[in-house]
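# Architecture at a glance
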Amino acid sequence: MGMPDRKLPLLTPETEAFWTGGQHGSLMIQRCTSCGLYQHPPLPICSACRTETVLPSAVSGRARIKTFTVNYQAWVPGLDEKFVFAAVELEEQAELYVFTNILAPPDQVRSGLQVKVCFEHHEDVWLPMFELAGGIDAS
């Protein structure tokens, strides 16, 4: 069975790097070149220092599951009825979250589990997904 059809995001100047970074194996998160703050979703200015010097920056792709839910509804043909939708906190900065799917059986997913990014390619988009990396971070 192939990958399910998915509604793909619209690429904008602010979001294009996030949605296409997987082509090179990189999770791209916007970062301020003045104060160093990462921010997601991307904005035209830094939410901390208000400068316009924000650029996409490759991050490690390592995170931990902060919270999650299990979906039981088949929204589109070919999409498994049960899947995990989660907020993962990237290791680069506290409270830097990406909302994503966890590619693991729902009964194996717990808050605090370490995950790593992987990408699902559709047309000109590489959707960042996460898979279990092993280990629990209870912090």
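Conventions and cut-offs
Residues numbered from 1 in each chain as written. Predicted model: local features only at pLDDT ≥ 70, side-chain atom pairs only at ≥ 80, totals over all residues. Heavy atoms only, no water. Helix = DSSP H or I, 4+ residues; strand = E, 2+ residues; numbered from the N terminus. Buried < 20%, exposed > 50% of the residue type's maximum accessible area, 1.4 Å probe, protein only. Contact = heavy atoms within 4.5 Å. Areas by Shrake-Rupley, 256 points an atom, 1.4 Å probe, with all protein chains shown as cover. Lys, Arg positive; Asp, Glu negative; His and termini not counted. Charge placed at Lys NZ, Arg CZ, Asp CG, Glu CD. Pairing = 2+ DSSP bridges. 1 Å grid on protein atoms, 1.4 Å probe; cavity = no way out; pocket = protein on both sides within 12 Å on 5 of 7 lines; lining within 4 Å. Points joined across faces, edges and corners; volume = space filled by probe spheres on them. Nonpolar A, V, L, I, M, F, W, Y, C, P; charged D, E, K, R; others polar.

Looking now at the overall build of the protein. For the protein, the count of helices and strands is 1 helix and 8 strands. Its helices and strands in sequence order give the protein the pattern α-β-β-β-β-β-β-β-β, from N to C terminus. Across its three principal directions, the C-alpha atoms of the protein cover 45 × 35 × 25 Å. A total of 139 residues make up the protein; the buried ones form 38% of that total. Taking all contacts inside the protein whose residues are at least 6 apart in sequence as the whole, residues at least 24 apart take part in 51%. Looking at the protein as shown, the accessible area adds up to about 8,100 Å², and 53% of this sits on carbon and sulfur atoms. Taken as two groups, the 10 positive and 16 negative side-chain charges of the protein have centres that lie 7 Å from each other.

Spatially, 3 strands are ordered β2-β1-β3 in an open sheet, and the strand pairing comes out antiparallel. Strands at the two margins of the open sheet, each flanked by one partner only, are β2 (38–39) and β3 (54–59). With 2 bridges joining them, strand β1 (residues 27–32) and β2 adopt antiparallel strand pairing. Residue pairing for β2: R31 is matched across the bridge by Y38.

Looking now at the layout of surface pockets. Computed from the structure, the largest pocket encloses a volume of approximately 460 Å³. Around the largest pocket, the lining is made up of 23 residues, and of these R6, W19, F85, N101 and L127 lie nearest the centre. Elements represented by at least two residues in the lining of the largest pocket include exactly α1 (16–20), β5 (83–90), β6 (97–102) and β8 (125–136). Looking at the lining of the largest pocket, the element that brings in the most residues is β6, giving 4 residues. For the lining of the largest pocket, the class distribution of residues is 16 nonpolar, 4 polar and 3 charged.

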